[in-house]
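# Secondary and tertiary structure notes
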Amino acid sequence: MSNYDRIYTTVRQIPWGKVATYGQIADFSGLYGKARLVGYALFRVQIEDDIPWHRVINAQGEISYSLQRQGGDYLQKVLLEEEGIEFNKSGKIDLNKYRWQPNFNFLSSNLD
DNA sequence: TGCGTGACTCGAA
DNA sequence: CTTCGAGCCACGC
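Residues numbered from 1 in each chain as written. Chains lettered and ligands numbered in written order. Predicted model: local features only at pLDDT ≥ 70, side-chain atom pairs only at ≥ 80, totals over all residues. Heavy atoms only, no water.

## With respect to the protein's contact with DNA strand B
As a structural note, the neighbourhood of DNA strand B is formed by 19 residues, with Leu42, Asn58, Ser66, Gln68 and Arg69 the closest of them. Close to the protein, within 4 Å, the atoms of DNA strand B belong to sugar or phosphate groups at a rate of 50%. Within the backbone of Tyr22, one N or O atom sits 3.4 Å away from a phosphate oxygen of DNA strand B. Here a base nitrogen of DNA strand B sits 2.3 Å away from a polar atom, N or O, in the side chain of Arg69. Those elements that place two or more of their residues in the surface near DNA strand B are α2 (22-28) and α3 (35-43). With 6 residues, the single largest contributor to the surface near DNA strand B is α3. Among the residues making up the surface near DNA strand B, the classes are represented as 8 nonpolar, 8 polar and 3 charged. (Near = heavy atom within 4 Å. Polar contact = N/O pair within 3.5 Å; in protein donor to acceptor, adjacent residues only side chain to side chain. Helix = DSSP H or I, 4+ residues; strand = E, 2+ residues; numbered from the N terminus. Nonpolar A, V, L, I, M, F, W, Y, C, P; charged D, E, K, R; others polar.)

Shown next, in the form of structure tokens:
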């Protein structure tokens, strides 16, 4: 199983209405300290891949904007708002309120 | 085979 | 608050 496969598997566990940071995904995928890989992996995700990529945001509680995303970053904000997630004046999400907390069963099976 | 290119994070100054 | 360095994968040409 490649690192990217592990990342995708973890991202698919994020429930509706919750978000996770790149660092969290890396940690839960057995890739501690490699948050950057998560960004690299999500860059390659396609709509038909059935991966809730929009639920992954950066550690500051913001969407990572980039010219390379061709508007996909804006779509991310729309999708999150459709799940009831709120953005404050600075465009930030309250991680204390929306951060995903994976359960023990998932972690132990995913980090085997 | 080598090189360029990407959705990151954290601590230190 | 801002900037900087280090960490260091996968893919296409």
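So that's the structure; there's more coming.
## Some words on the pattern of salt bridges
The full count for this structure, using the stated rule, is 3 salt bridges. Here Arg55 makes a salt bridge to Glu83, at a shortest N to O gap of 2.8 Å. Of the two residues, Arg55 sits in the loop between α3 and β2 (56-57) while Glu83 sits in the loop between α4 (72-82) and α5 (95-98), which places them 28 residues apart along the sequence. Across the pair, Glu83 and Arg55 agree in class, each one buried. Here Glu86 and Lys97 are joined by a salt bridge, their closest N and O atoms 3.4 Å apart. Here Lys97 lies in helix α5 and Glu86 lies in the loop between α4 and α5, a separation of 11 residues in the sequence. (Salt bridge = Lys/Arg side-chain N within 4 Å of Asp/Glu carboxyl O. Buried < 20%, exposed > 50% of the residue type's maximum accessible area, 1.4 Å probe, protein only.)

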